[in-house]
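# Descriptive analysis of the structure
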Amino acid sequence: MDDELLELQRQFEFAQQAKSSIRLSERNVVELIQKLQQLQIIDFELLHTVSGKEYITLDQLRNEMVSEVKKLGRVSVIDLADSTGVDLYYVEKLAQSIVTDHGEFMLTQGEFMSESYWDSIAEEINERLQECSQIALTELAAQLNVGLDFIASMLEPRLGTMVKGRLEGGQLYTPAYVARVSAMVRGAARGITIPTNLTVLWSSLQQLLQAMDGTSGVAVEGAFFQSLFNGLVKEGEILGSLRAGVHWTPANSFIGYEVLHKLGIPQPIQFLQSRYPEGKPLVTTFVHPSMIEMLDAATEDALERGSWSDSLSLLPSSFTPQDASKMLSICQSVQLALKSNNAHIFGDFYVFSSSFMKEICDRVMKELETLGFSGSSGTTISGDLQVAGEAKVGYDSSRFNESNEMASDGGASRHADKGSKKKKGKGTGNAVANLSESGPDNQEQTSTKSKKSQKRGKDTSSQTADSKSGCRKESLKMKEDNLSTPSEEWIMQKISTLIPDFEEQGIDDPETILRPLANQLRPTIISSWMEKKKALLTDNAERMRRLLDNLQKKLDESFLNMQLYEKALELFEDDQSTSVVLHRHLLRTVAAPMVDMLLHNLDEHNKLNSGLDVQEAPNSESVSLSPGDRAAISKSFPGALAKKALAVVEALEGKRVEIFMAAFRMVTEESGLPLKKLDKKLERTLLHSYRKELTSQVSAETDPVSLLPKVVSLLYIQVHHKALQAPGRAISVAISLLKDKLDESAYKVLTDYQTATVTVLALLSAAPGDEDDCASDRILSKRELLDSKMGDLKSLVLSTSQSS
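The following paragraphs examine the structure supplied in this document. Remember, predicted model here, so these are calculated numbers, not experimental data. (Residues numbered from 1 in each chain as written. Predicted model: local features only at pLDDT ≥ 70, side-chain atom pairs only at ≥ 80, totals over all residues. Heavy atoms only, no water.)

Attention now moves to the overall build of the protein. The secondary structure content of the protein amounts to 33 helices and 19 strands. A fraction of 67% describes how many contacts in the protein between residues 6 or more apart in sequence connect residues 24 or more apart. Here the protein has roughly 42,800 Å² of accessible surface; of this, 51% comes from carbon and sulfur atoms. (Helix = DSSP H or I, 4+ residues; strand = E, 2+ residues; numbered from the N terminus. Contact = heavy atoms within 4.5 Å. Areas by Shrake-Rupley, 256 points an atom, 1.4 Å probe, with all protein chains shown as cover.)

What follows is the structure, encoded as structure tokens:
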């Protein structure tokens, strides 16, 4: 059996591959088709294509048309004729029968459309509607190129399902927008107490919507307002009678007891309750539940939006604050919000959401942090924030652990500490924590402080006379008593500034809302601020300790070197001009970096102690400040420290090193950073280290010009036992002082090398960058001469060093 199948497969393959020896022309095919039709072998209708080269049956044409409509969703009859290649007559002839057979198709103005097409269009319309709240049908009809009535008929069955909206007056609106406008219509209608023409009311609502939404607002026709109004009347949410469609006479939802008294009714509440049992008695008025529902809805909306509500402004003018308060006690949403602590009532009728109060608290906190942390901790916040400078303690081994525990103190404590400092000597001094004082005149409180604050400052200043063991406890007590606390007046002022809505609403009396609100927020503000400050100071405490440790070490090293270099200046006191050059050179090269390092670190410590998050500098020793920067930083320091820092900056620009040294000692003592004094033992150690370093540099030096000052400095250590720092223009005088200390041959080697160096430098300065060949030759020859003498000079100084 398998063999037979294989044989049949081979024969079939052969038949397929065989080429026909008989071929029919197109004309023969046409004639053959016609003959078959005459013989009725082909008993169905065949259609020619437009090209005339193909036949197509009506069933096939129908199938192709249906397939094209399903694929595209919307296609014109003309396009179908083009795509099928059949004459338009036959396409139009089949079009109506296709619509009849396929219920999901429709034929409109020569176009096929499917239900799936309109489903997709409805989804697109819904997305667009949710974005812009409103769409006009005329706009959609123009975009889709269909009639207005037709698109309305297509959208109506899809409203509420595919299109989440409402069709009214030729406009599509979202449910949220309908609910919003409906609430406006309901509120406006309930607020009417006299007969009114509704067209005036709709015009006012249109203006209100435009003011609320601006240029992006939705254009709402009066018919839409009227439709919503009619629905509310039908549902009984608005009470009254309507004449001629626009003349509205409201049914009063309230009546005052005074009116009934005038009518001779002695017990108005009992009288009204007997006739209107659903009504609610207030203090001066009897109201319908619809008014309570209106107030409840408006207040609930304000709470949901995280805002506030003036309930009295929502009620008729005859209502008193007591009436508004009574109505709020009946409003269900308000009572639920009060129980869940989501709302607070101030002044009987002001309702605040907790989220709005939290926002106020946060904004006041930001203002407080800006004033309290951006400056020093002694900065006064307005006139009502009670602040004092931080307490000072002696500079000892525990100052780093106590730097973050310093409390505020008045100016008298500084005088007390200065007196004790003189008795204790250099081992004690004012702590660096005094950087947190507010300014040069921090001894006095600002004129705006309260008497209570001034009295407290006096009490705390007198406590500094206690013993050392009790001083720490007292400083902690001062910290608890004198913490900066914003008063109610300051918080009221900030709330009034930050929330201009209060002023715009005409709330002029601070006792009505501002003071109760400030009193409510004040404990939270104070607690949050103190926690914030404590956290920042705790985070900065380790950095402050590390900063002071590093600063002390660097200052000790730099200041000892400065004292060592200062001793060499004594050799040149008889030569006034050279002495001035050496003094200025030492101030510029050694003292200036030391001052910059001190000012930079003290400024950073000041900021850290004030609770600021300061970026940690990679290397404070590389900081280079201009004279203006030094003065600006010095002025930012508190009290006497600022004056002493400015004195250091001024001495740095002077002519005498000893004046600078005295001023520098004063500023470091004021900062609580006493410096080591150079004694004989330290001097010998430093000289030995400096001599060893210079010897190594001389041995490794390859530049003949740079070699000379190093050789001279090394010779001064060997001969005079002084560490000389001399600029180039003082080298000649420095060499002359070595004449009596060196033998004649050694001195000659030194002077010849110095003369050759001066010549090379003179040639270089005379023609910088554009030397001619002759000048280049001279410079080259002099350099070669220096190179040849470098060995002699090195041998001279190194041999002298070894012998000594």
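This part takes up the pattern of salt bridges. Going through the model one piece at a time under the given rule, you end up with 22 salt bridges. Its salt-bridge partner being Asp301, residue Arg305 comes within 2.9 Å of it at the nearest N-O pair. With a relative accessible area of 55%, Arg305 lands in the exposed category. Of the charged contacts, one joins Lys644 and Glu670 as a salt bridge, the two residues approaching to 3.0 Å between their closest N and O atoms. On the criterion of sequence distance, the pair formed by Lys644 in helix α27 (residues 639-652) and Glu670 in helix α28 (residues 657-670) is long-range, its members being 26 residues apart. Accessibility assignment for this pair places Lys644 and Glu670 in one class, buried. Each of the salt bridges in this network shares a partner with another, and the network as a whole consists of Glu115, Asp119 and Arg158. (Salt bridge = Lys/Arg side-chain N within 4 Å of Asp/Glu carboxyl O. Buried < 20%, exposed > 50% of the residue type's maximum accessible area, 1.4 Å probe, protein only.)

Evaluation of the coordinates by the stated rule reveals 18 aromatic pairs. Ring-pair connections join several aromatic residues into one group, and the members of that group are Trp308, Phe346, Phe349, Tyr350, Phe352 and Phe356. (Phe/Tyr/Trp six-rings, centres within 6.5 Å; stacked < 30°, edge-to-face > 60°.)

Turning to the sheet that holds strand β10 (residues 240-243), a few remarks are in order. Reading across the sheet, the 3 strands line up as β9-β11-β10 and stay open at both edges, with antiparallel pairing between neighbours. Lying at the two open borders of the sheet, with one neighbouring strand each, are β9 (196-197) and β10. Both β9 and strand β11 (residues 247-250) contribute to a ladder of 2 bridges, which runs antiparallel. Residue pairing for β11: Asn197 is matched across the bridge by His247. (Pairing = 2+ DSSP bridges.)

Let us now look at the environment of Phe105. If you trace the backbone, Phe105 turns up in strand β4 (residues 105-108). In the structure, Phe105 is positioned 10 residues away from Glu115 in sequence and 6.5 Å away in space, judged by C-alpha atoms. Among all residues touching Phe105, those that are not within four sequence positions of it are Val66, Val69, Lys70, Ile98, Val99, Met113 and Ser114.

Looking now at helix α9 (residues 175-190). Along its 16 residues, α9 runs 22 Å from first to last C-alpha, staying within 8% of the 22 Å computed at 1.5 Å per residue. Among the residues making up α9, those that are buried are Tyr177, Val178, Val181, Ser182, Met184, Val185, Ala188, Ala189 and Arg190. (Expected span 1.5 Å × (residues − 1).)

Here the focus is the side chain of Lys644. In terms of polar contacts, Lys644 uses its side chain to reach the side chain of Glu670, at 3.0 Å. For Lys644, the residues in contact, after removing those within four places along its chain, are Met666, Val667 and Glu670. (Polar contact = N/O pair within 3.5 Å; in protein donor to acceptor, adjacent residues only side chain to side chain.)

A few words on the nonpolar core. Judged by nonpolar contacts, the single largest core of 75 residues is most densely connected at Leu555, Met562, Phe660, Phe664, Leu724 and Leu750. Setting aside chain neighbours within four positions, we find Leu750 in contact with Leu708, Val711, Leu715, Ile735, Leu738, Leu742 and Leu793. (Core = buried A, V, L, I, M, F, W, Y, C linked by side-chain atoms within 4.5 Å.)

You will see that Ala244, though not glycine, has its phi angle at about 55 degrees, which is positive. Along the chain, the position of Ala244 falls in the loop between β10 and β11. Ala244 sits in the exposed class, given a relative accessible area of 70%. A positive phi is found at Asp348, a non-glycine position, where the angle reads about 75 degrees. On the secondary structure map, Asp348 appears in the loop between β16 (343-346) and β17 (350-353).

Here we have 3 strands laid out as an open sheet, ordered β6-β8-β7, and antiparallel in their pairing. Every interior strand has two partners, whereas the edge strands, β6 (134-136) and β7 (166-168), have only one. Between one strand axis and the next, the sheet turns through 25 degrees on average, direction left out of account. Inspection of the sheet shows β7 paired to strand β8 (residues 171-173) by 3 bridges, in the antiparallel sense. Paired with Arg166 across the bridge in β8 is Tyr173. Packed onto the sheet, helix α7 (residues 137-144) meets β6, β7 and β8 and runs at close to 60 degrees relative to β6. (Axes fitted to C-alpha atoms, helices over the stretch in contact; angles between N-to-C directions.)

Let us look at the packing of helix α24 (residues 514-567) against helix α29 (residues 680-700). The N-to-C vectors of α24 and α29 enclose an angle of 85 degrees; their axes lie 11 Å apart at closest approach. One element, α24, and the other, α29, form an angle in the roughly perpendicular class. Every residue of α29 that contacts α24 at Leu560, Asn561, Leu564, Tyr565 and Lys567 is listed here: Leu682, Glu683, Leu686, Leu687 and Tyr690. Of the residues that constitute the contact of α24 with α29, the class distribution is 7 nonpolar, 1 polar and 2 charged. (Parallel < 35°, antiparallel > 145°, perpendicular 65-115°, else oblique. Nonpolar A, V, L, I, M, F, W, Y, C, P; charged D, E, K, R; others polar.)

Moving on: the pairing of strand β5 (residues 111-114). Sheet topology places strand β3 (residues 74-76) next to β5; 3 bridges connect them, and they run antiparallel. Looking at the pairing, Ser76 lines up with Glu111 of β5. Where β4 meets β5, 4 bridges bridge the pair, whose relative direction is antiparallel. Within β5, the residue paired with Leu107 across the bridge is Phe112. Counting the residues in the hairpin turn of β4 and β5 gives 2 residues, including Gln109, whose phi is positive at 50 degrees.

Alternating residues of β17 divide into Tyr350 and Phe352 and Val351 and Ser353, and every residue in both groups is buried. In terms of strand pairing, strand β15 (residues 308-310) meets β17 through 3 bridges, oriented antiparallel. Bridge pairing in β17 places Trp308 opposite Phe352. Examined bridge by bridge, β16 and β17 share 4 bridges and lie antiparallel to one another. Note on β17: the bridge partner recorded for His344 is Phe352. Taken together, β16 and the strand that follows it, β17, pair antiparallel across an intervening segment of 3 residues, in which Gly347 is found at a positive phi of about 60 degrees.

Now for the side chain of Gln563. With respect to the helices, strands and loops of the structure, Gln563 is situated in helix α24. Classification of Gln563 as buried rests on a relative accessible area of 6%. Every residue in contact with Gln563, bar those within four places of it in the chain, is listed here: Met661, Arg665, Lys676, Lys677 and Leu678.

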